[in-house]
Amino acid sequence: MAPGPAGRTPVFERRPTGGGAAEKTAAEKVVALTFDADMTADQGARAKAGERFDNPELIALLRRLKVPSTVFMTGRWAEEYPAQAKGIGTDGLFEVANHSYSHYAFTADCYGLPVVAKDAMTRDVERAFSAFRQAGVRNVVPYFRFPGGCYDDAALRALGPANVTAVQWDVVSGDAFATDAGAVAEQVLDGVRPGSLVVMHCTRSAAPVTAEAISRIVPELRKRGYRFVKVSELMEG
């Protein structure tokens, strides 16, 4: 997407359903599943103590089900799990997008997250891309997801030099800290529309039932005639 007014980072939420190529996309009933691989810069001690911020079972399931997906990865996650990051980022089924380096917030009052200074925002995004390169991640796309989905006009202006498109969502899965996979699946299935973009997580400690929910979501959406696409394909229409 082209930069927004005054150099602001453009924001993409879902594929519109009216007119031209977008109308064709809607008729095809496509949906993009996205997975945030979250890890904040200060969670290394928790990882060393045994907390798991990865979810290899989920990635293996997506492979078995042949579901193209976009993984929004933090640089810190790529550093903690470089072999997994490389495996995801060299598999044509997936594309890797930027979820910041530190998973700190880009606005104040964002779910209690520490806040990145405005003059450090672009560097934080660039540091994540550097971590991907160091891990051997190849299938990288120039998309960015704000931690917590929190942003304001000042953040969009500050990230202009990073040359990324911010990607939001229109369907919240509710998998974060959920314990009922059926409820997560139902929320996604109730919310998906042609062109939808779903946000989920690839972190066992914070989203332990995501793989189970996916095992219900994918067959049902295919039964309804949906085709799964990466964000890049959804954006292209």
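This one's a predicted model, so the numbers in the text were calculated from it and none came from an experiment.

Draft legend 1. Quick look at helix α9 (residues 210–223). For α9, which comprises 14 residues, the first-to-last C-alpha distance of 20 Å matches the rise-based estimate of 20 Å (1.5 Å per residue) to within 8%. Among the residues of α9, T210, A211, A213, I214, I217, V218 and L221 are the ones counted as buried. Take α9 and look down its axis: the buried residues cluster within an arc of 140°, on one side only. Each element contacted by the buried residues of α9 is listed here: β2 (30–37), α3 (56–65), α8 (181–191), β8 (196–201) and β9 (227–228). Backbone geometry just downstream of α9 places G225 in the positive-phi region, at approximately 95°.

Draft legend 2. Spotlight on the side chain of E95. Within the fold, E95 resides in strand β4 (residues 94–98). The charged side chain of E95 is buried without a salt bridge, its nearest counter-charge being K230 at 5.2 Å. One polar contact links E95 to S232, side chain to side chain, over a distance of 2.7 Å. Not counting the four nearest positions on each side in its chain, E95 is found in contact with S69, T70, V71, N139, V141, Y143, K230, V231 and S232.

Draft legend 3. Layout of the nonpolar core. Counting residues in each nonpolar core, the largest one holds 63 residues, and the members touching the most others are M73, W77, F106 and I214. Tallying contributions element by element places helix α6 (residues 121–135) first for this core, with 7 residues. Discounting chain neighbours no more than four positions away, the residues touching M73 are A37, A78, A85, I88, V96, A97, N98, H99, S100 and F132. Grouped together as the second largest cluster of nonpolar side chains are 13 residues, F12, A32, A97 and L234 included.

Draft legend 4. Structural view of α6. With 15 residues, α6 ought to run about 21 Å at 1.5 Å a step, and its terminal C-alpha atoms sit 22 Å apart, in line with that. Among the residues making up α6, those that are buried are M121, T122, D124, V125, A128, F129, A131, F132 and A135. Each element contacted by the buried residues of α6 is listed here: β3 (69–73), α4 (75–80), α5 (82–89), β4, β5 (140–144) and α7 (153–158). One or two positions beyond α6, positive phi appears at G136, with a value near 85°.

Draft legend 5. The packing of α8 against α9, seen in detail. Between α8 and α9, whose axes approach to 8 Å, the crossing angle comes to 35°. For the pair α8 and α9, the crossing hand works out as right-handed. Across from A181, G182, V184, A185, V188 and L189 in α8, the residues of α9 making contact are E212, A213, R216, I217, E220 and L221. Residue composition of the contact of α8 with α9, grouped by class: 8 nonpolar, 1 polar and 3 charged.

Draft legend 6. View of the packing of aromatic side chains. Summed over all chains, the structure comprises 6 aromatic pairs. With a centroid separation of 4.9 Å and 85° between ring planes, the pair formed by F144 and F146 is classed as edge-to-face. Pairwise contacts between aromatic rings join F106, F144, F146 and Y151 into one cluster. If you follow R145 out to its NZ or CZ, it ends over the ring of F72, 4.0 Å from the centre.

What counts and how
Residues numbered from 1 in each chain as written. Predicted model: local features only at pLDDT ≥ 70, side-chain atom pairs only at ≥ 80, totals over all residues. Heavy atoms only, no water. Helix = DSSP H or I, 4+ residues; strand = E, 2+ residues; numbered from the N terminus. Expected span 1.5 Å × (residues − 1). Buried < 20%, exposed > 50% of the residue type's maximum accessible area, 1.4 Å probe, protein only. Arc of directions from axis to C-beta. Contact = heavy atoms within 4.5 Å. Lys, Arg positive; Asp, Glu negative; His and termini not counted. Salt bridge = Lys/Arg side-chain N within 4 Å of Asp/Glu carboxyl O. Polar contact = N/O pair within 3.5 Å; in protein donor to acceptor, adjacent residues only side chain to side chain. Core = buried A, V, L, I, M, F, W, Y, C linked by side-chain atoms within 4.5 Å. Axes fitted to C-alpha atoms, helices over the stretch in contact; angles between N-to-C directions. Left-handed = near helix turned anticlockwise from the far one by under 90°. Nonpolar A, V, L, I, M, F, W, Y, C, P; charged D, E, K, R; others polar. Phe/Tyr/Trp six-rings, centres within 6.5 Å; stacked < 30°, edge-to-face > 60°. Lys NZ or Arg CZ within 6 Å of the ring centre and 35° of its normal.

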